[in-house]
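Summary of structural features
Here is how the chains run, residue by residue.
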Amino acid sequence: MLFVTLYVIAITAEAMTAALSAGRRSMDWVGVCVIACVTALGGGSLRDVLLGHYPLTWVKHPEYLLITAAAALLTAFIAPVMRRLRALFLLLDALGLVVFTVIGCQVALEMQLSPIIVLVSGMITGCFGGVMRDVLCNEIPLLFRHELYASVSVLVGLVFIGTLYAGMPQQVAVLAAMVTGLVVRLLAIRFDWHMPKFVYRDDWK
Amino acid sequence: MLFVTLYVIAITAEAMTAALSAGRRSMDWVGVCVIACVTALGGGSLRDVLLGHYPLTWVKHPEYLLITAAAALLTAFIAPVMRRLRALFLLLDALGLVVFTVIGCQVALEMQLSPIIVLVSGMITGCFGGVMRDVLCNEIPLLFRHELYASVSVLVGLVFIGTLYAGMPQQVAVLAAMVTGLVVRLLAIRFDWHMPKFVYRDDWK
Amino acid sequence: MLFVTLYVIAITAEAMTAALSAGRRSMDWVGVCVIACVTALGGGSLRDVLLGHYPLTWVKHPEYLLITAAAALLTAFIAPVMRRLRALFLLLDALGLVVFTVIGCQVALEMQLSPIIVLVSGMITGCFGGVMRDVLCNEIPLLFRHELYASVSVLVGLVFIGTLYAGMPQQVAVLAAMVTGLVVRLLAIRFDWHMPKFVYRDDWK
């Protein structure tokens, strides 16, 4: 129950930041809604398609599509107010990353897949909605360049799996993973942490 | 029977306009064929993958791949003549949008999915081939920016579902949806209708 | 057995060239690993998703993900040495193309799909990992512009199917297809062969 609430908060937050991205590219309202749905639900959809986990969440619960589209349109209306809420958004976005990752890990666990796939499933769920948003907006995915984002997702998955393997109940694992992820993500934003970059300059293809 | 004919006309038209896009990017002939197949068959493929509706159309009917590739190569040969046929192409393209949308709605209906998913299925089938074309040609999808395209697709779906819910037989629903869609699309082209845009300028990410 | 060895060499080679691509875009180490996995395993994943052939290779054998990520990280460390190994890489890359294509054809054959789909399955497996890499790096896919790459993939598929239809055993078909593909690909690199391009300049959309 709490988890569904967190999930709805997470897709709403993702939809709102996606709508701002779409607005930066001057998209029309249909584009805003599509970008929002792809960003909020695309990571989970990619995971389900790759793992053969049907039906997809939004096919089973079409109300999530409506929530996402409504949040995106609302954002287009109240956009001028948004910049004052920046801190709130970064928090909600971090929450979304963590919630999505834990859900992705759980899906793979229930399918009894190996720990590596559990990790990858969490990372795809947590991060690839944003990758799709960037591809559709014709940008190099931010994920791979600026942010300690995918790394937090991997960390959340590691804590989640580790706690479970240590014999703890699932609620404890979820809580430990989420708290760790949120703390590291917020510290990363606050202190501008980055992963080392691999810069390669060469002429041959 | 009529529907198969319309479908073949639609994928041919999509393949030809896609070939021109590929030509604008100076792609080689393989690229032209691939872009044409992705544009003409990609929307339906994405729908089938997301809904778990296997086998995909072109896997069951590989002849559609041949038709698409042949239409694309033909277009590369007769390209200089194409600009004189602009009006014909806009008409065929509008027909393709409407036919694809109705097919997408029908697939979701047959799977007994909810009305929202029927609408979304129609829109994905009608519009996402073009989105994939733009992503592969490294452009911001046109769909989200310039055209009253996705909106027509949504409208076609609404009329289709509405007519069915009103108790009309399926043939009437197909006809009503297609006529409405074609008329609105052609009026939109003629009078340069647009959806309102959401323009957002801000510095923070 | 030999085939698994060739497959591992192929994904390693693809992961290493992908890591260099990611380095050219200054991605961080997570981005390098993701781009490497998508490039090395993306073509096969797309094929499996389109054909409904579950579970995907890397879900069943997660060790391939580890090999790919390890190869990518190693590449980031030894990048300065890489330019001296250019000839080796072009050879391994050609091997990868040919091995992937033959595997793709075999998957479709085992599913008893039609010859056209066998060809397409081989081409998707051989080429679309590179297409995804270019889309994520925000480039027009190289495949469609510069290289006799997709054409070699189609040729490999044709030789493979043709040899099988001529009644030869599968080992002979695999060998004939791989040798033909390697020779043509290396000749294409050596003599700079290209497919004809379709260049189209026009103003209307």
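Since we're looking at a predicted model, the values are computed, not measured.

1. Notes on the overall build of chain A
- The helix and strand inventory of chain A stands at eight helices and zero strands.
- When the helices and strands of chain A are read in sequence order from the N terminus, they spell out α-α-α-α-α-α-α-α.
- Overall, the C-alpha framework of chain A stretches about 50 × 50 × 35 Å when taken along its three principal axes.
- Relative to its full complement of 205 residues, chain A shows a buried share of 56%.

2. So, the relation of the copies chain A and chain B
- Rotating chain A by 120 degrees about the axis while translating it 0.0 Å along that axis superimposes it on chain B, leaving an RMSD of 0.0 Å. What the superposition gives is, in effect, a three-fold axis relating one chain to the other.
- Interface residue correspondence from chain A to chain B reaches only 12%, placing this contact among heterologous pairings that use different surfaces.

3. With respect to the UniProt feature "transmembrane region" (unreviewed entry) in chain A
- Mapped onto this numbering, the UniProt entry gives "transmembrane region" (unreviewed entry) at residues 64-81, 88-109, 115-136, 148-166 and 172-191 of chain A.
- For residues 64-81 of chain A, the end-to-end C-alpha separation is 25 Å, with 100% helix and 0% strand making up the annotated structure.

4. Quick word on the UniProt feature "domain: Glycine transporter" (unreviewed entry) in chain A
- According to UniProt, the feature "domain: Glycine transporter" (unreviewed entry) maps to residues 6-79 and 91-162 of chain A in the numbering used here.
- The distance separating the terminal C-alpha atoms of residues 6-79 of chain A is 23 Å; by composition the span is 85% helix and 0% strand.

5. Description of unusual backbone geometry
Residue and element names in this part refer to chain A.
- Between Tyr 54 and the following residue, Pro 55, the backbone shows a cis peptide bond with an omega angle of -5 degrees.
- Among the structural elements, Pro 55 can be located in the loop between α2 (29-51) and α3 (57-60).
- For Gln 112, which is not glycine, the phi dihedral falls at a positive 60 degrees.
- With respect to the helices and strands, Gln 112 occurs in the loop between α5 (86-110) and α6 (115-136).
- A relative accessible area of 72% means that Gln 112 is categorised as exposed.

6. Focus on the interface of chain A and chain B
- Taken residue by residue, the interface counts 34 residues in chain A and 35 residues in chain B.
- The contact between chain A and chain B buries some 3,300 Å² in all, and 69% of this surface belongs to carbon and sulfur atoms.
- Our enumeration of links across chain A and chain B arrives at zero salt bridges.
- Counting every contact that joins chain A to chain B gives one residue pair in polar contact (both at pLDDT 80 or more).
- Contributions of two or more residues to the side of chain A that touches chain B are made by α1 (2-24), α2, α3, α4 (63-82) and α6 of chain A.
- Residues belonging to the side of chain A that touches chain B are distributed by class as follows: 23 nonpolar, six polar and five charged.

7. Thoughts on the relation of the copies chain C and chain B
- Each copy of the sequence occupies a distinct position, and chain C is placed on chain B by a rotation of 120 degrees and an axial shift of 0.0 Å, giving an RMSD of 0.0 Å.
- Interface residue correspondence from chain C to chain B reaches only 11%, placing this contact among heterologous pairings that use different surfaces.

8. Some thoughts on a nonpolar patch on the surface
All names here are of chain A.
- On the surface, Leu 74, Phe 77, Ile 78, Val 81, Leu 85, Leu 88, Leu 91, Leu 186 and Ile 189 cluster together to form a nonpolar patch covering roughly 720 Å² of accessible area.
- Of all elements in the fold, only α4, α5 and α8 (170-191) reach the threshold of two or more residues within the nonpolar patch.
- For the nonpolar patch, the element with the highest residue contribution is α4, accounting for four residues.
- Relative to the helices and strands, Ile 189 resides in helix α8.
- Accessibility expressed as a relative area gives 30% for Ile 189, which makes it partly exposed.

9. Structural notes on helix α2 (residues 29-51) of chain B
All names here are of chain B.
- Taking 1.5 Å as the rise per residue, α2 with 23 residues should run 33 Å; its terminal C-alpha atoms sit 32 Å apart, in good agreement.
- Its axis deflected by about 55 degrees at Leu 41, α2 carries its strongest bend there.
- Of all the 23 residues making up α2, 21 are buried; the element is thus mostly covered by neighbouring parts of the structure.
- Its side-chain oxygen placed 3.1 Å from the backbone nitrogen of Val 30, Asp 28 serves as the N-cap of α2.
- In the stretch just after α2, Gly 52 is the one whose phi turns positive, near 65 degrees.

What counts and how
Residues numbered from 1 in each chain as written. Chains lettered and ligands numbered in written order. Predicted model: local features only at pLDDT ≥ 70, side-chain atom pairs only at ≥ 80, totals over all residues. Heavy atoms only, no water. Helix = DSSP H or I, 4+ residues; strand = E, 2+ residues; numbered from the N terminus. Buried < 20%, exposed > 50% of the residue type's maximum accessible area, 1.4 Å probe, protein only. Least-squares fit on C-alpha atoms with pLDDT ≥ 70 in both. Contact = heavy atoms within 4.5 Å. UniProt positions renumbered as here; feature names shortened; annotations may be inferred. Buried area = accessible area lost by both parts, 1.4 Å probe. Salt bridge = Lys/Arg side-chain N within 4 Å of Asp/Glu carboxyl O. Polar contact = N/O pair within 3.5 Å; in protein donor to acceptor, adjacent residues only side chain to side chain. Nonpolar A, V, L, I, M, F, W, Y, C, P; charged D, E, K, R; others polar. Patch = residues over 30% accessible without salt bridge, like charges linked within 9 Å, V, L, I, M, F, W, Y side chains within 5 Å. Areas by Shrake-Rupley, 256 points an atom, 1.4 Å probe, with all protein chains shown as cover. Expected span 1.5 Å × (residues − 1). Bend = angle between axes of the 7 residues up to and from the residue.

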